[in-house]
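Spelled out from the first residue to the last, the chains are:
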Amino acid sequence: MEKSCTLLIYYDKGTPAIANEIKEALEGNDVSAKIDALKNAIMLLLNGETLPQLFITIIRYVLTTEDHTVQKLLLLYLETIEKTDSKGKVLPEMILICQNLRNNLQHPNEYIRGVTLRFLSRLRETEVMEPLIPSVLQNLEHRHPFVRRNAILAIMSIYKLPQGDQLLIDAPETIEKVLATEQDPSAKRNAFLMLFNCDQDRAVNYLLTNVDRVSEWNELLQMVVLELIKKVCRTKPSEKGKYIKIIIALLNAPSSAVTYECAGTLVSLSSAPTAIRAAANTYCQLLLSQSDNNVKLIVLDRLNELKASHREIMVEMIMDVLRALSSPNLDIRRKTLDIVLELVTHRNVNEVVQTLKKEVVKTQSGELEKNGDYRQMLVQAIHACAVKFPEVASAVVHLLMDFLGDTNVASALDVAVFVREIIESNPKLRVSIITRLLDTFYQIRAAKVFPFALWIVGEYCLSLSEVESGIATIKQCLGEMPFYSASEEAESNDSSNKTPQNTSAIVSSRRPAILSDGTYATQSAASETVFSPSTVAQGSLASGNLRSLILTGDFFLGAVVSCTLTKLVLRLEEVQSSKTEINKAKTQILLIMVCMLQLGQSHVVPHSIDPDSYERIVLCIKLICHTSDEMKKIWLESCRQSFVKMLSEKQLRELEELKAKAQISNAQPDDLIDFFHLKSRKGMSLLELEDQVQDDLKRATGEFTKDENDANKLNRILQLTGFSDPVYAEAYVTVHHYDIVLDVTIINRTKETLQNLCLELATMGDLKLVERPQNYTLAPESKKKIKANIKVSSTETGVIFGNIVYETSNVMERNVVVLNDIHIDIMDYISPAVCSDSAFRSMWAEFEWENKVAVNTMIQDEKEFLDHIINSTNMKCLTPTSVLEGECGFLSANLYAKSVFGEDALVNVSIEKQSDEKLSGYIRIRSKTQGIALSLGDKITLKQKGKSS
């Protein structure tokens, strides 16, 4: 019953051509009018119209036209129309066409012959084809290859008809003879394809007879050979050894398409290390030789699949994969780095890091506009390598610290995070990192990077020289105190927009300076700048220094500076014996903090200091004036201990994710295991032996076992009609990425034959039906399985509804059974995913669609409610478990998921327990598209009440 679809043209039916107008145009002598009329007729047929009155007109007036375009459109028309009646018999009008088709097959013009043969290859009516067989066979010997190749396809089509083997008994033998003498590559490919589909043994025999010449064949024929090998090896796995040799020989073919298919076929047929290594090597060569970015991305996907199942072999290819970084495309570079990072081992980590280091240096050239983004990816990759293998950190950390002042803030931020983690995990590098950081401190320009750098200085400056250098560096970046002259504050409002007269220029040059302890440091000329009130706002934007950022009103940074200086003073008390020096340092730092508070309460900054920063700075002043051992311990030890705990939890979380990714497979107790050592090795190649070993290992570890969750499968069966309906229907719904497949089982529960039974479906949302419904005849108490394919274009909740229409022999009226609606859940499209905190915050700020859902639940425990939301939405909680521990009456957590369409779904849960033990708060959903935000919001609103809902 399945119909072949060969042409699909969209046609706007807003102004349809009237059948009479088409008929008049066809009856006229104007060829161009006939062409337009035929096109209109074909488009109307494709869009569901029948136009039965046109058929006789076309036979009378169009059949005899010699124009090639008209003849081609005529064949398309004949292909599109219904050729059988309601009982399945060929229409008598079709017999009138046979003589015309026979004339075309004997036409002196090869184009007419070729298109007619191509039309015959799409016909399924035996009554029409049978009288044309002698003419089709004659065309096998035609001089033109276009005719011969279509004649072979026509013969294959005839042979595949229900009674085709009786119409053309010796067709495979005839085609085999043609194959032996044919010189045209396309015709030869079609001949081999015919044998492949109709007489597989002959195709295999021809392949094995010419096995030495396979590498010389045309790429079209080689592609069919690979298809044949896959088909044969699936049915006869024991014979795949001799075919794998052919595949390996084809790996050196000049065609990229053939080598790609060879590699894929090799992986699907063999798990021997030699075969996998050859396939991986082929993919790596394609990665370098192909210029198309889409091809490179597809090849990287194949390498990623190999990495999942054959990691040990892919580890050997890591440097070949890294060569893909030469592509300027960011997506290719990102995917390459993702693959490489999972293949890094102790053996190759040094080579990988050196390559990444060279790439970082290349990004300094500034030739490409996306160098900053690429540098950020490289920094993250090096960071991941250094965390896994701390011994390589020393080779890159100093180079990366040069980028703390990078104009790309995200890249500089990643460097700061990397340095902070490395200085804790590599105690031997602490002194050199601190020295380097203090030297490059003047280059930092981003307000987001300064807190990291200041925290490192405050925590890891331990010796006397380091503490003094740290204080001196921060003081130089802050410049002279006070930040402004109080006596001139009144004049600042009037002169803020004027050009300063007595202000020294800010220059970016730096020169060495001798500190009080005799050590050298780099002094910034910006520290000598004298700021008048009129230049506070303007000068801050120009210089971009620590002082400049504070002068623009960044008092959070001022609070971080105060905390860092406080830590350095407290540590100075431990390492400095001179009370005079300690008191001098305290006095200078107190002056800085007081000046910050004074600046925050003045009118020379855009806004006054915020309460949190004010309290923090005041706390630092109190702590310096009145120090206790307990407070000193909290400030100098507890902060770093918390950081160490955070790092250990992060590593633990990464290990858990790796374990979750690992495939858990168990063999059944009664599974058969073949011990190849006890087998005869006679006639077996090394590749076959390796393959046998791998198969035994897989069978022993249960990798071949794929048990489906039967309970989950039963949950996907939906009842569409009631048990008392004359027609019972149920559907099994399968959601696979962009497709939804409905396997509908229809049972006739009556004692009558149901005629013209049709399953009519319609959709709501971004769902589209692929096929038009067909009519079926259902015998009494019999059943029929119907498949319906639906395309999905976005992550929106959709609805499928419809009915079953049928007729009975007694009553000619159409009966209708309305079906239950099928709701396609958003949970079928999204899956839990992981991203970094910085990436989450970046996406949260970027995404414009937000759906805010108020918490309304019967659950009284915060963690229980969070777990319920996670289970209901199929999302991953990014907030560490340790952060959620304890009872404090409120909870905030971030959830993340990714859809099959690549969309990101971000959720923030913020809840608080009220005095009446009820939970209140909001769940905010953000995404780039409206559909996913609305659908997730509806899901949460429906499910948040409690587990019973």
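Residues numbered from 1 in each chain as written. Predicted model: local features only at pLDDT ≥ 70, side-chain atom pairs only at ≥ 80, totals over all residues. Heavy atoms only, no water.

### Some thoughts on the overall build of the chain
So, step 1. Counting its secondary structure elements, the chain contains 40 helices and 18 strands.
So, step 2. Burial analysis of the chain (949 residues in total) assigns 46% to the buried set.
So, step 3. Taking the intrachain contacts of the chain between residues at least 6 apart in sequence as the baseline, contacts between residues at least 24 apart amount to 67%.
So, step 4. A total accessible area of about 48700 Å² is found for the chain, and carbon and sulfur atoms account for 51% of it. (Helix = DSSP H or I, 4+ residues; strand = E, 2+ residues; numbered from the N terminus. Buried < 20%, exposed > 50% of the residue type's maximum accessible area, 1.4 Å probe, protein only. Contact = heavy atoms within 4.5 Å. Areas by Shrake-Rupley, 256 points an atom, 1.4 Å probe, with all protein chains shown as cover.)

### Brief notes about the pairing of strand β10 (residues 798-808)
So, step 1. Counted residue by residue, β10 has nine buried out of eleven residues, so it is predominantly covered.
So, step 2. Relative to β10, strand β6 (residues 754-764) is paired through nine bridges, and the arrangement is antiparallel. Residue Gln-755 lies in a different strand from β10, and its bridge partner there is Glu-807.
So, step 3. Bridge analysis of β10 against strand β12 (residues 822-824) gives three bridges, and the strand direction is antiparallel. Paired with Val-799 across the two strands is His-823, which belongs to β12.
So, step 4. In terms of strand pairing, β10 meets strand β11 (residues 815-818) through four bridges, oriented antiparallel. Note that in β11 the partner of Tyr-806 across the bridge is Asn-815. (Pairing = 2+ DSSP bridges.)

### Comments concerning the packing of aromatic side chains
In this description, a pair of aromatic rings is defined by centroid distance and the angle of the planes.
So, step 1. Here the structure, examined in full by the defined rule, presents nine aromatic pairs.
So, step 2. Relative to Trp-844, the ring of Phe-840 lies with its centre 6.0 Å away and its plane at 15°, an arrangement referred to as stacked. Linking Phe-840 with Trp-844, this pair stays in helix α38 (residues 837-846), spanning four residues, or about one helical turn.
So, step 3. The class of Phe-840 is buried, set by a relative accessible area of 4%. (Phe/Tyr/Trp six-rings, centres within 6.5 Å; stacked < 30°, edge-to-face > 60°.)

### Section: the sheet that holds strand β9 (residues 783-792)
So, step 1. Strands sit in the order β3-β4-β5-β9-β7 across an open sheet of five strands; the sheet is antiparallel. One side of each edge strand has no neighbouring strand; the edge strands of this open sheet are β3 (717-719) and β7 (767-769). Mean inter-strand twist for the sheet, computed between neighbouring axes without regard to direction, equals 30°.
So, step 2. Strand direction decides the pairing type here: β3 and strand β4 (residues 727-736), joined by three bridges, are antiparallel. Of the residues in β4, the one forming a bridge with Leu-718 is Ala-731. (Axes fitted to C-alpha atoms, helices over the stretch in contact; angles between N-to-C directions.)

### A few points about the side chain of Ser-411
So, step 1. Note that Ser-411 resides in helix α25 (residues 409-425).
So, step 2. When near neighbours in sequence (up to four residues on either side) are disregarded, Ser-411 contacts Gly-372, Arg-375, Gln-376, Val-379 and Asp-406.

### A look at helix α24 (residues 393-400)
So, step 1. Along α24, the residues classified as buried are Ala-393, Val-396, Val-397, Leu-399 and Leu-400.
So, step 2. If you follow the buried residues of α24, they end up packed against α22 (349-362), α23 (371-388), α25 and α26 (430-440).

### What to know about the packing of helix α17 (residues 273-289) against helix α18 (residues 293-309)
So, step 1. Closest axis-to-axis distance for the α17/α18 pair is 9 Å, and the angle between their directions is 155°. Regarding the angle of α17 to α18, the classification is roughly antiparallel. Note on packing geometry: the crossing formed by α17 with α18 is left-handed. Along its contact with α17, which presents Ile-276, Ala-280, Tyr-283, Cys-284, Leu-286 and Leu-287, the element α18 presents Lys-296, Val-299, Leu-300, Arg-302, Leu-303 and Leu-306. (Parallel < 35°, antiparallel > 145°, perpendicular 65-115°, else oblique. Left-handed = near helix turned anticlockwise from the far one by under 90°.)

### Overview of the environment of Arg-640
So, step 1. Structurally, Arg-640 can be placed in helix α35 (residues 629-661).
So, step 2. With sequence-adjacent residues up to four places away left out, Arg-640 is seen in contact with Glu-424, Glu-459, Tyr-460, Leu-462 and Arg-571.

### Description of the pattern of salt bridges
So, step 1. One pass over the structure, following the stated rule, counts 31 salt bridges.
So, step 2. Asp-402 serves as the salt-bridge partner of Arg-436, at 2.5 Å between the closest nitrogen and oxygen. One end of the pair, Arg-436, is in helix α26; the other, Asp-402, is in the loop between α24 and α25, with 34 residues separating them in the sequence.
So, step 3. When its relative accessible area of 32% is taken as the criterion, Asp-402 is described as partly exposed.
So, step 4. The salt bridge partner of Arg-926 is Glu-850, with a shortest N-O separation of 2.5 Å. Here Arg-926 is found in strand β18 (residues 919-927), whereas its partner Glu-850 is found in strand β14 (residues 849-854), with 76 residues between them in sequence. (Salt bridge = Lys/Arg side-chain N within 4 Å of Asp/Glu carboxyl O.)

### Regarding the side chain of Arg-375
So, step 1. With respect to the helices and strands, Arg-375 occurs in helix α23.
So, step 2. When neighbours within four sequence positions are excluded, Arg-375 is seen to be in contact with Thr-363, Gln-364, Phe-403, Asp-406 and Ser-411.

### Things to note about the packing of helix α14 (residues 219-235) against helix α15 (residues 240-250)
So, step 1. Between α14 and α15, the shortest axis-to-axis distance is 10 Å and the interhelical angle comes to 155°. Judged by the inter-axis angle, α14 sits roughly antiparallel to α15. Seen along the crossing, α14 lies across α15 with a hand that is left-handed. Residues Gln-222, Leu-226, Ile-229, Val-232 and Cys-233 of α14 form the contact with α15, whose participating residues are Lys-240, Tyr-243, Ile-246, Ile-247 and Leu-250.
So, step 2. Tallied by class, residues from the contact of α14 with α15 come to eight nonpolar, one polar and one charged. (Nonpolar A, V, L, I, M, F, W, Y, C, P; charged D, E, K, R; others polar.)

### Thoughts on the environment of Ala-833
So, step 1. Along the chain, the position of Ala-833 falls in the loop between β13 (830-832) and α38.
So, step 2. For Ala-833, a relative accessible area of 15% puts it in the buried group.
So, step 3. Between the C-alpha atom of Ala-833 and that of Ala-897, which follows or precedes it by 64 residues, the distance is 4.8 Å.
So, step 4. With sequence-adjacent residues up to four places away left out, Ala-833 is seen in contact with Lys-876, Leu-878, Tyr-896, Ala-897 and Lys-898.

### Considerations on unusual backbone geometry
So, step 1. That bond from Met-481 to Pro-482 is cis: its omega, -5°, falls within 30 degrees of zero.
So, step 2. Here Pro-482 lies in the loop between α28 (464-478) and α29 (489-495).
So, step 3. The phi dihedral of Asn-756 falls on the positive side, at around 50°, and the residue is not glycine.
So, step 4. Residue placement: Asn-756 occurs in strand β6.
So, step 5. Positioned with a positive phi, Glu-781 is a non-glycine residue whose angle comes to about 55°.
So, step 6. Position of Glu-781 among the secondary structure elements: in the loop between β8 (775-778) and β9.

### Concerning the pairing of strand β17 (residues 904-913)
Both faces of the sheet carry side chains from a regular strand, because those side chains alternate between them.
So, step 1. In terms of burial, β17 is largely enclosed, as seven of its ten residues are buried.
So, step 2. Note: strand β16 (residues 890-899) against β17, nine bridges, orientation antiparallel. By the bridge assignment, Ala-893 is partnered in β17 with Val-909.
So, step 3. With antiparallel pairing between neighbouring strands as the criterion, β16 and β17 make up a hairpin whose turn holds four residues, including Gly-902 at a positive phi of roughly 85°.
So, step 4. Looking at chain direction, β17 and β18 are connected through nine bridges and run antiparallel. Its bridge partner lying in β18, Asn-908 is registered against Arg-924.
So, step 5. From the end of β17 to the start of β18, which pair antiparallel, there are five residues, and Glu-917 there has a positive phi angle of about 70°.

### Remarks on the confidence of the model for the chain
So, step 1. Scored by pLDDT, the chain comes out at a mean of 80, with 84% of its residues at no less than 70.
So, step 2. The model gives residues 702-710 a pLDDT under 50, and that stretch makes twelve contacts with residues more than four places away or in other chains. (pLDDT = per-residue confidence, 0-100.)

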